[in-house]
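Reading the structure
So the chains spell out like this:
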2 protein chains.
Amino acid sequence: MANIQQIAQEAGVSVATVSRVLNNATSVTQKTRLKVKRAINELNYEPSMLGRNLRKSESRLILVLLPSISNPFYNEIINGIQNSSIANNYNILLCETDSKPERENIYFNMVKNKLADGVISMDPTVNMQKLNELAKNHPVILCSEYEEGGTIPYVTIDSELAAYQAVKHLIRLGNEKIALISSDEKFLYARLRRAGYERALKEFQLPIRDEWIYHTKELEFQNGVQAMRMLLQLEEKPTAVFAVSDTLAIGALKALKAESELPNPIAVVGFDNISFSNMTYPTLTTISQPMYKMGYLAVDMLMNSMKDEKVESIVLDHELIIRDSTMW
Amino acid sequence: MANIQQIAQEAGVSVATVSRVLNNATSVTQKTRLKVKRAINELNYEPSMLGRNLRKSESRLILVLLPSISNPFYNEIINGIQNSSIANNYNILLCETDSKPERENIYFNMVKNKLADGVISMDPTVNMQKLNELAKNHPVILCSEYEEGGTIPYVTIDSELAAYQAVKHLIRLGNEKIALISSDEKFLYARLRRAGYERALKEFQLPIRDEWIYHTKELEFQNGVQAMRMLLQLEEKPTAVFAVSDTLAIGALKALKAESELPNPIAVVGFDNISFSNMTYPTLTTISQPMYKMGYLAVDMLMNSMKDEKVESIVLDHELIIRDSTMW
DNA sequence: CTGAAAGCGCTAACAA
DNA sequence: TTGTTAGCGCTTTCAG
């Protein structure tokens, strides 16, 4: 691989001039520019980012932190992040932490090491203390999951309100016994969605019963299956279920189908509107988050943060998508 | 952010000694080592990868090329790649090309620019000519999709055999009119799976009818829905369907459910065993690929390739997973 | 065992 | 307009 020296030599100019051509500086005559370009082509030269980055101490790479790409919820967000990044001449480094602190550390170090210029975290399991520490010296934006009262700017939706509306929809359909399938309440979104669930029930003076609230360890389909099975074993079964994620809701639907002799169908509402949610039987009623937009805006915010501008957090609108799982 | 200079100064040693401590060189006395460590802690120092990488001219980053992370097929493979990379002290750069050549170019340049040390491509839409060009000077491994008769090492499964077995299973169940839902035949896997489909039909002297072979533009659920709808409109309808991917098969199942008055159920077999394939109704019979292993091995192969060792291509075993969609 | 110094590939300030 | 040169942060050779 040729370097800038060799190009300079080949073209009979200095390295500075080559650099100027590379960076489209105006102060180069057409003639020298051509000489240099010819040399570049001849030697099949590609400038080394390594050298450039070291010199400018920037990498034009954005680190995107997420727990696992197997959760389809992140797909569209990443799409938005990707497109917005490219528009800003950045690339993204997708980093799965798998909720493992060691991995998180590796990625945080990459930022400290200047291998990435900023971070967008979508990881609810992230170590907030360390992230706050990092945010002191590096641009960081939270996407979807955030810290209440924290200092890091975020883009998200109003989970409490969305959950409230989802449950209210179930109530309007005549359900009085409504269960909640939630994940670990160490996550803010789980606490908020539970709060929305409870607010709706209280407003209609419906019972909030502990046995109708099930907490799963993870967000896999299987966790939803298991949760629904438990709910179906109760003496007094719920007539409807609100799950805090589509993956859980889809698992719940599966468990319901397996149960052949139910007197009345149990209504199910999910959260996220992942692409599968339209492929289940019955199709899933769910809350749709503006995922693409969320990702896109997160990058915008990060760019502003890099310019040391003041960045305001953003709360986006959601939408209730009514499908068959609440009307079968 | 402190640099190595400042640590040297603080510890009262030379930068060389600091570097030695950083790299666990043996030739440093306990006493100096401690002095240096103390300075490192005091100043909260993190060595810059940028400097190190430039010096060693390596980035310890692997570029992973895939068309889109929204296809769940890649999830487990990536998991394998990730774990294997970390075990080898590398990190991965997940790059979605979205089948766009511009993006591909950006990523190829990162490799040429020494921002990544090697490439694992899982992208069937990749520009093979450019990839071959890149492979002359950089380590490249193909994962899943590969080039017949090409020079780049690959890890994959025997798609033709798997398809043959899938279709044979349908034949054994008594089906004689078997349709194929495939994607674009510019992709090798589509050609191979079609070949397996035809081999099985021929072996049992069953008709291969063009109208029973449907090619979709993409691999989204919706493409499967549409394909199945077309097949259901035929005068002579197939009694079974083999789809070259689970996403297509799941869409097909959806279209079947929508069709209420079918005299006999139509059997469906998919390909990939994505996690959702167990959540559909009916659950999907499919070919399971050893995805995790495939990803893991791809990294091993890349590591060997980096050491300039000769790397042999690998063909892994698959498995037919029989579920409800072939016995309802 | 430790230090001085060269150099990885590039950019940018300064000089010409 | 172009060239010279310092230096980004680190590793490594060679001397001591």
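Residues numbered from 1 in each chain as written. Chains lettered and ligands numbered in written order. Predicted model: local features only at pLDDT ≥ 70, side-chain atom pairs only at ≥ 80, totals over all residues. Heavy atoms only, no water.

A few words now on the overall build of chain A. The secondary structure content of chain A amounts to 12 helices and 12 strands. Along the first, second and third principal axes, the C-alpha atoms of chain A reach 85 × 35 × 35 Å. Expressed as a percentage of the 328 residues in chain A, the buried residues total 55%. Here the contacts in chain A between residues at least 6 apart in sequence split such that 70% fall between residues at least 24 apart. (Helix = DSSP H or I, 4+ residues; strand = E, 2+ residues; numbered from the N terminus. Buried < 20%, exposed > 50% of the residue type's maximum accessible area, 1.4 Å probe, protein only. Contact = heavy atoms within 4.5 Å.)

Let us look at helix H1 (residues 4-11) of chain A. Residue and element names in this part refer to chain A. Taken together, the buried positions of H1 are occupied by Ile 7, Ala 8 and Ala 11. On an axial view of H1, the arc spanned by its buried residues comes to 100°, and they lie on one face. Facing away from the buried side of H1 by more than 90 degrees, the exposed set consists of Gln 5 and Gln 9. Of the surrounding secondary structure, the elements contacted by the buried residues of H1 are helix H2 (15-22) and helix H3 (30-42). Following H1 by one or two positions, Gly 12 has its phi on the positive side, about 70°. (Arc of directions from axis to C-beta.)

Close to DNA strand C lie 23 residues, the nearest being A:Ile4, A:Tyr45, A:Arg55, B:Thr17 and B:Arg20. Taken together, the sugar and phosphate atoms account for 60% of what DNA strand C places within 4 Å of the protein. Within the contact set of DNA strand C, a phosphate oxygen lies 3.2 Å away from a side-chain nitrogen or oxygen of A:Asn23. At 2.7 Å from a phosphate oxygen of DNA strand C is found a side-chain nitrogen or oxygen belonging to B:Thr29. Counting residues per element, the ones that place at least two in the surface near DNA strand C are H2 and helix H4 (49-56) of chain A together with helix H2 (15-22) and helix H4 (49-56) of chain B. The residue makeup of the surface near DNA strand C, split by class, is eight nonpolar, 10 polar and five charged. (Near = heavy atom within 4 Å. Polar contact = N/O pair within 3.5 Å; in protein donor to acceptor, adjacent residues only side chain to side chain. Nonpolar A, V, L, I, M, F, W, Y, C, P; charged D, E, K, R; others polar.)

Let's shift gears to the UniProt feature "domain: HTH lacI-type" (unreviewed entry) in chain A. The sites that UniProt annotates as "domain: HTH lacI-type" (unreviewed entry) are residues 2-56 of chain A. As a span, residues 2-56 of chain A carries 67% helix and 0% strand, and end to end its C-alpha atoms are 21 Å apart. (UniProt positions renumbered as here; feature names shortened; annotations may be inferred.)

What holds strands together in a sheet is hydrogen bonding between their backbones, with the strands either parallel or antiparallel. Residues and elements named next belong to chain B. In spatial order, the strands read S2-S1-S3-S4-S5-S11; together these six strands make up an open sheet with parallel pairing. One side of each edge strand has no neighbouring strand; the edge strands of this open sheet are strand S2 (91-96) and strand S11 (314-316). The average angle at which neighbouring strand axes cross in this sheet is 20°, direction not considered. Sheet analysis places strand S4 (residues 140-143) next to strand S5 (residues 154-157), joined by two bridges and oriented parallel. Along S5, the bridge assignment pairs Cys 143 with Val 155. (Pairing = 2+ DSSP bridges. Axes fitted to C-alpha atoms, helices over the stretch in contact; angles between N-to-C directions.)

As a further point, take the domain arrangement of chain A. When cut into domains, chain A gives domain 1 (4-47), domain 2 (61-157 + 291-316) and domain 3 (159-289 + 321-326). Here the C-alpha centre of domain 3 of chain A lies 63 Å away from the C-alpha centre of domain 1 of chain A. (Domains from an automatic or database assignment.)

With an omega dihedral of 0°, the bond running from A:Tyr281 to A:Pro282 counts as a cis peptide bond. Its identity as a non-glycine residue notwithstanding, A:Asn24 has a phi of 55°, on the positive side. Structurally, the position occupied by A:Asn24 is in the loop between H2 and H3. The phi torsion at B:Asp98 lies on the positive side, around 55°, for a residue other than glycine. Given a relative accessible area of 26%, B:Asp98 falls into the partly exposed group.

Attention shifts here to the interface of chain B and chain A. Each partner contributes to the interface: chain B provides 50 residues, whereas chain A provides 49 residues. A combined buried area of about 4700 Å² lies between chain B and chain A, and 63% of that area is made up of carbon and sulfur atoms. Here chain B is connected to chain A by two salt bridges. Linking A:Glu46 and B:Lys112 is a salt bridge whose minimum nitrogen-to-oxygen distance equals 3.5 Å. Along the contact surface separating chain B from chain A lie 10 residue pairs in polar contact (both at pLDDT 80 or more). (Buried area = accessible area lost by both parts, 1.4 Å probe. Salt bridge = Lys/Arg side-chain N within 4 Å of Asp/Glu carboxyl O.)

Any two packed helices are characterised by how steeply their axes cross, that is the angle between the axes, and by the distance between the axes. Residues and elements named next belong to chain A. The geometry of H1 relative to H3 is characterised by a closest axis approach of 9 Å and an angle of 125° between their N-to-C directions. In terms of orientation, H1 and H3 fall into the oblique class. In this structure, H1 crosses over H3, and the sense of that crossing is right-handed. In this structure, H1 contributes Ile 7, Glu 10 and Ala 11 to the contact, and H3 contributes Lys 35, Val 36, Ala 39, Ile 40 and Glu 42. (Parallel < 35°, antiparallel > 145°, perpendicular 65-115°, else oblique. Left-handed = near helix turned anticlockwise from the far one by under 90°.)

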